[in-house]
Amino acid sequence: MPDSSRPLRKLGFLTIGLFDPADPASGHESTLQVIELGERLGFDSAWLRHRHLQFGISSPIAMMSAASQRTSRIELGTAVTPLGWENPLRLAEDLATVDLLAGGRINPGLSVGEPMHYDTVKHELYPDSSESEDFGYPRVERLARLIAGEPVRDFSGRQGVVEEYSSRVEPHSPGLRDRLWYGAASSKSAVWAGANGFNLLSSSVVFPEANQEPDFAHIQQAQIRAFRKAAAASQLHAPARVSQGLVVIPTDSASPDQREKYQRYVDERTPRTRAPQGPKGMLFAPDLIGTSDEIAGQLHAHAGFQEVDEVAFALPFSFDHDDYVQILTDIAGKLGPALGWTPAQGRQDLL
């Protein structure tokens, strides 16, 4: 089992891709430039949040497609795509297409559940079936089957002179099914993901069980262990991967103004981490800010981090492009090495 003495094997980052509604193209271009920078710095993966009817990336699949043509090595993922907004068959086609364009670098992260603020959008999203849609696990199971190439129908073959039909989703991208992730924040979801052949995305939010003390790190540790146990019992994939996604803000090369801004951001968000939130007792992890050595020490002491050997550190939501450049450069050049991570050969040009 991974522990604090085990080197970090994979280092990634997660961004929301915020944009100014008056100039959305610039925000999207900034996100693509950040992904390009990540590849040059040697990151193993870049992940995109999924936001609908907000000023963040609403179509990460389109963004991954664009990024795949501007990069050659870095893995591209979503963390996460809420399936309540998606038709699984159409989504399977899009993901396979982008995965082929990217050379097998796509890591779709998924979640289930009713779309946020569903009552405000259901009349447009599902005008004829809003009361009967199933937003549970069967929706993601269906997507996984379609991506795996299982038959959609019995009909296939040639019709007429030129039309050729398939019984499965096309194009088919071999290996994509093994790169499906599930974003779980509860023990139930973690166990389900392990038992059903998904990798696990564990983030900065957890839901404790009724008998658990409200300690974020140890709850996350218990969920990861439950996932690994369920995955091992299922024998559907080996090895089952787990990635942790805490917010880290290294300040090694930050300017005084940046350090002040970063600290204000953390101070505004810290109160929500001190007690369970909402009827389900949701717990938020504190943001980690300081020098890379200080953050590495905090991570090595973190019970959840001790269970993983790959991470996708979350970038703060509302910072500027130059801030992300500084943070990513410090993560790759200082924090990652302090955690035992080594960039791949040929990716040292900006370090």
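Keep in mind that this is a model prediction, so the values were computed, not measured.

Undergrad: Any chance you could explain the overall build of the protein chain here in plain terms?
TA: Within the protein chain, the regular secondary structure consists of 10 helices and 16 strands. By the compact-globule yardstick of 20 Å for 351 residues, the protein chain fits well, its C-alpha radius of gyration being 20 Å. Across its three principal axes, the protein chain shows a C-alpha extent of roughly 70 × 50 × 40 Å. Taking all 351 residues of the protein chain together, the buried fraction comes to 50%. Sequence separation of 24 or more characterises 73% of the internal contacts of the protein chain that already satisfy a separation of 6 or more. When the accessible surface of the protein chain is totalled, it reaches about 16,200 Å², and 51% of it is carbon and sulfur. Each charge sign in the protein chain was given a centre, from 33 positive and 45 negative side chains, and these centres are 4 Å apart.

Undergrad: Would you explain helix α5 (residues 137–148) in this entry?
TA: The α-helix advances 3.6 residues per turn, and as a result positions three or four apart in sequence lie on the same side. In this model, α5 (12 residues) spans 17 Å end to end at C-alpha, consistent with the 16 Å of a helix rising 1.5 Å per residue. Of the residues making up α5, those classed as buried are Tyr 137, Arg 139, Val 140, Leu 143, Ala 144, Leu 146 and Ile 147. On the buried face of α5, the contacting elements are α3 (88–101), β6 (109–111), β9 (181–183) and α6 (187–195). Positive phi appears at Gly 149, one or two residues downstream of α5, with a value of about 95 degrees.

Undergrad: I tried to follow the pairing of strand β16 (residues 310–314) on my own but got confused; where do I start?
TA: Residues in a regular strand project their side chains so that they alternate between the two faces of the sheet. Summarising burial for β16: 5 of the 5 residues are buried, a large majority. Of the two faces of β16, the one holding Glu 310, Ala 312 and Ala 314 and the one holding Val 311 and Phe 313 are both buried throughout. Sheet topology note: the strand β1 (residues 10–15)/β16 ladder contains 5 bridges and is parallel. Each bridged residue has a counterpart across the sheet, and for Gly 12 the counterpart in β16 is Ala 312.

Undergrad: Help me understand the side chain of Ser 45, please; the structure alone is not making it clear to me.
TA: With respect to the secondary-structure elements, Ser 45 resides in strand β2 (residues 45–48). The buried category is assigned to Ser 45, whose relative accessible area is 9%. Polar contacts involving the side chain of Ser 45 include one to the side chain of Trp 47, which spans 2.8 Å. Filtering out sequence-adjacent residues up to four positions away, Ser 45 remains in contact with Leu 11, Gly 12, Phe 13, Ile 74 and Glu 75.

Undergrad: Explanation requested: a nonpolar patch on the surface in the structure shown.
TA: There is a patch of nonpolar side chains on the surface, built from Leu 18, Phe 55 and Phe 317 and spanning about 270 Å² of accessible area. As for its placement among the helices and strands, Phe 317 is situated in the loop between β16 and α10 (321–338). Residue Phe 317 is classed as partly exposed on the basis of its relative accessible area, which comes to 30%.

Undergrad: Please explain the environment of Asp 178 as it appears in this structure.
TA: Within the secondary structure, Asp 178 sits in the loop between β8 (163–165) and β9. Separated by 71 residues in sequence, Asp 178 and Asn 107 place their C-alpha atoms 9.0 Å apart.

Undergrad: Would you take a moment to explain the pattern of salt bridges for this structure?
TA: Between side chains of opposite charge, a pair can form when the charged atoms approach closely. All chains considered together, the criterion is met by 19 salt bridges. The salt bridge partner of Asp 309 is Arg 9, with a shortest N-O separation of 3.3 Å. Taken together, the positions of Asp 309 in the loop between α9 (292–300) and β16 and Arg 9 in the segment before β1 put the pair 300 residues apart, joining distant regions of the chain. The class for Arg 9 is partly exposed, based on a relative accessible area of 43%.

Undergrad: Teacher, can you tell me more about the side chain of Glu 310 here?
TA: Relative to the helices and strands, Glu 310 is located in strand β16. Note on Glu 310: relative accessible area 5%, which makes it buried. In this structure the side chain of Glu 310 is engaged in a polar contact, spanning 3.0 Å, whose partner is the side chain of Arg 9. With residues near it in sequence (within four places) discarded, Glu 310 still touches Leu 8, Arg 9, Lys 10, Trp 181, Arg 241, Val 242, Ser 243 and Gln 244.

Undergrad: Teacher, can you tell me more about unusual backbone geometry here?
TA: Phi is mostly negative for residues that are not glycine, and the peptide bonds are mostly trans. With an omega dihedral of 0 degrees, the bond running from Ala 79 to Val 80 counts as a cis peptide bond. Geometrically, the link from Glu 170 to Pro 171 is a cis peptide bond, its omega value of 0 degrees lying close to zero. Located in the positive-phi region is Leu 53, a residue other than glycine, with phi close to 55 degrees.

Thresholds applied
- Residues numbered from 1 in each chain as written.
- Predicted model: local features only at pLDDT ≥ 70, side-chain atom pairs only at ≥ 80, totals over all residues.
- Heavy atoms only, no water.
- Helix = DSSP H or I, 4+ residues; strand = E, 2+ residues; numbered from the N terminus.
- Rg over C-alpha atoms; globule rule 2.2 N^0.38 Å.
- Buried < 20%, exposed > 50% of the residue type's maximum accessible area, 1.4 Å probe, protein only.
- Contact = heavy atoms within 4.5 Å.
- Areas by Shrake-Rupley, 256 points an atom, 1.4 Å probe, with all protein chains shown as cover.
- Lys, Arg positive; Asp, Glu negative; His and termini not counted.
- Charge placed at Lys NZ, Arg CZ, Asp CG, Glu CD.
- Expected span 1.5 Å × (residues − 1).
- Pairing = 2+ DSSP bridges.
- Polar contact = N/O pair within 3.5 Å; in protein donor to acceptor, adjacent residues only side chain to side chain.
- Patch = residues over 30% accessible without salt bridge, like charges linked within 9 Å, V, L, I, M, F, W, Y side chains within 5 Å.
- Salt bridge = Lys/Arg side-chain N within 4 Å of Asp/Glu carboxyl O.

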